[in-house]
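This is what each chain is made of:
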Amino acid sequence: MARVVRSVVRSFKAKYWKEAAAFVKLGGHAVYWESPNRARLVVPAPKQNDDWTDLGIWSIFDLGLDRWTVRKDGKFPGLATVKVPDDALHIVRRRAERDSIHPEATRKVSFDCLACGACCRDNEVVLDDEDKARFREAGREDLLKKPWSKRKDGKVILTLKENGRCHHLKRDNKCAIYTIRPGACSVFPVASECCIAAREYELETYDGLAPEVWPWGD
Ligand code: SF4
Ligand code: SF4
């Protein structure tokens, strides 16, 4: 069981930018609506750009982005912001709806990965050079070929079973190659927005309000 403090997500209209900045300084994530169809995600500035334990970074990854700006001035000095892509507005709306029942800027959660396994389903794990070297050193070069892996768009990715589960995910939700698992798997943080979204999508487990309208499509 992993116990983690996660950021709560709150929506703010344009005129409430001071409240949005104060909320983020308390550890929350703000969805700042510059207009009804234009939003900015504001999160605490990561201490390092490659700090994979930083849940703010993962809240940006979950929008399909990998860059952010730390403002020096303006409404959000010292905080990290990104413009939310139009095709991700439903994601930030959903986060704020989910967290509308949580009163503080952060909350403690306890997630049991062995009762979950959601992030090991319907995913796309890309194998990098370090993963390939690790497999070879462990005498498991076979993991780079079918049925375990395949090529897609010039990359090598793990394959999934027909039911969407990773080939390495055992029935008890343990990883069959845990000690040599891909880097993307080992850095994936519990209670990140990617984790919470996977739990909603795969298990219909909500850390907050259930969606009024299913936001992820069919
Ligand atoms: S989705 Fe989250 S809680 Fe579930 S197995 Fe993955 S990291 Fe653990
Ligand atoms: S390799 Fe292991 S940790 Fe990674 S997705 Fe598959 S089962 Fe999950």
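Here the structure is shown first, and the text comes after it.
Throughout what follows, the structure given in this document is the object of discussion. Values in this document were obtained by computation on a predicted structure and should not be read as measured data.

Let's talk about the packing of aromatic side chains
Now for step 1: If you walk through the whole model with that rule in mind, you get 5 aromatic pairs.
Now for step 2: Arranged with centres 5.7 Å apart and planes meeting at 55°, the rings of Phe12 and Phe23 form a pair that is tilted. Placement of Phe12 in strand β2 (residues 9-13) and of Phe23 in helix α1 (residues 17-25) is noted, with a sequence separation of 11 residues between them.
Now for step 3: With a relative accessible area of 12%, Phe12 lands in the buried category.
Now for step 4: With a centroid separation of 5.5 Å and an interplanar angle of 75°, the aromatic rings of Trp58 and Phe188 are classed as edge-to-face. You can see Trp58 sitting in helix α2 (residues 55-61) and its partner Phe188 sitting in the loop between α5 (183-187) and α6 (193-203), a full 130 residues away along the chain.
Now for step 5: What links up through ring pairs into an aromatic cluster is the set Trp52, Trp58, Phe61 and Phe188.
Now for step 6: For the cation-ring pair, Arg181 lies above Tyr178, with the distance from its terminal atom to the ring centre recorded as 3.9 Å.
Now for step 7: The ring of Phe111 carries Arg199 above its face, with NZ or CZ at 3.9 Å from the centroid.

Brief notes about the sheet that holds β2
The strands that make up a sheet pair up through hydrogen bonds in the backbone, lying either parallel or antiparallel.
Now for step 1: Across the sheet, 5 strands lie side by side as β2-β3-β4-β6-β5; this open sheet has mixed pairing. The strands lining the two open edges of the sheet, one partner per strand, are β2 and β5 (69-70).
Now for step 2: Where β5 meets strand β6 (residues 79-83), 2 bridges bridge the pair, whose relative direction is antiparallel. Following the sheet pairing, Thr69 is matched in β6 by Thr81.
Now for step 3: Packed on one face of the sheet, α1 meets β2, β3 (29-35), β4 (38-44) and β6 and runs near 160° to β3.
Now for step 4: Packing against the sheet, helix α3 (residues 89-99) makes contact with β2, β3 and β4, and its axis sits at approximately 110° to β2.

Observations concerning the pairing of β6
Now for step 1: Taking burial as the measure, the 5 residues of β6 include 4 buried ones, the bulk of the element.
Now for step 2: As judged from the 5 bridges shared by β4 and β6, these two strands associate in the antiparallel manner. Across the sheet, Arg40 pairs through a bridge with Lys83, a residue of β6.

Considerations on the site of ligand 1
Now for step 1: Near ligand 1 the following residues occur: Phe111, Cys113, Cys116, Gly117, Ala118, Cys119, Phe188, Val190, Cys195 and Arg199.
Now for step 2: For the shell around ligand 1, a count of residues per class yields 8 nonpolar, 1 polar and 1 charged.

Some words on α3
Now for step 1: With respect to burial, α3 is a largely interior element, 9 of its 11 residues being buried.
Now for step 2: On its buried side, α3 packs onto β1 (2-7), β2, β3, β4, α2 and α6.

Examining unusual backbone geometry
Now for step 1: Across the junction of Lys146 and Pro147, the peptide omega takes the value 5°, indicating a cis bond.
Now for step 2: Relative to the helices and strands, Pro147 is located in the loop between α4 (129-137) and β9 (149-152).

Cut-offs applied
Residues numbered from 1 in each chain as written. Chains lettered and ligands numbered in written order. Predicted model: local features only at pLDDT ≥ 70, side-chain atom pairs only at ≥ 80, totals over all residues. Heavy atoms only, no water. Phe/Tyr/Trp six-rings, centres within 6.5 Å; stacked < 30°, edge-to-face > 60°. Helix = DSSP H or I, 4+ residues; strand = E, 2+ residues; numbered from the N terminus. Buried < 20%, exposed > 50% of the residue type's maximum accessible area, 1.4 Å probe, protein only. Lys NZ or Arg CZ within 6 Å of the ring centre and 35° of its normal. Pairing = 2+ DSSP bridges. Contact = heavy atoms within 4.5 Å. Axes fitted to C-alpha atoms, helices over the stretch in contact; angles between N-to-C directions. Near = heavy atom within 4 Å. Nonpolar A, V, L, I, M, F, W, Y, C, P; charged D, E, K, R; others polar.

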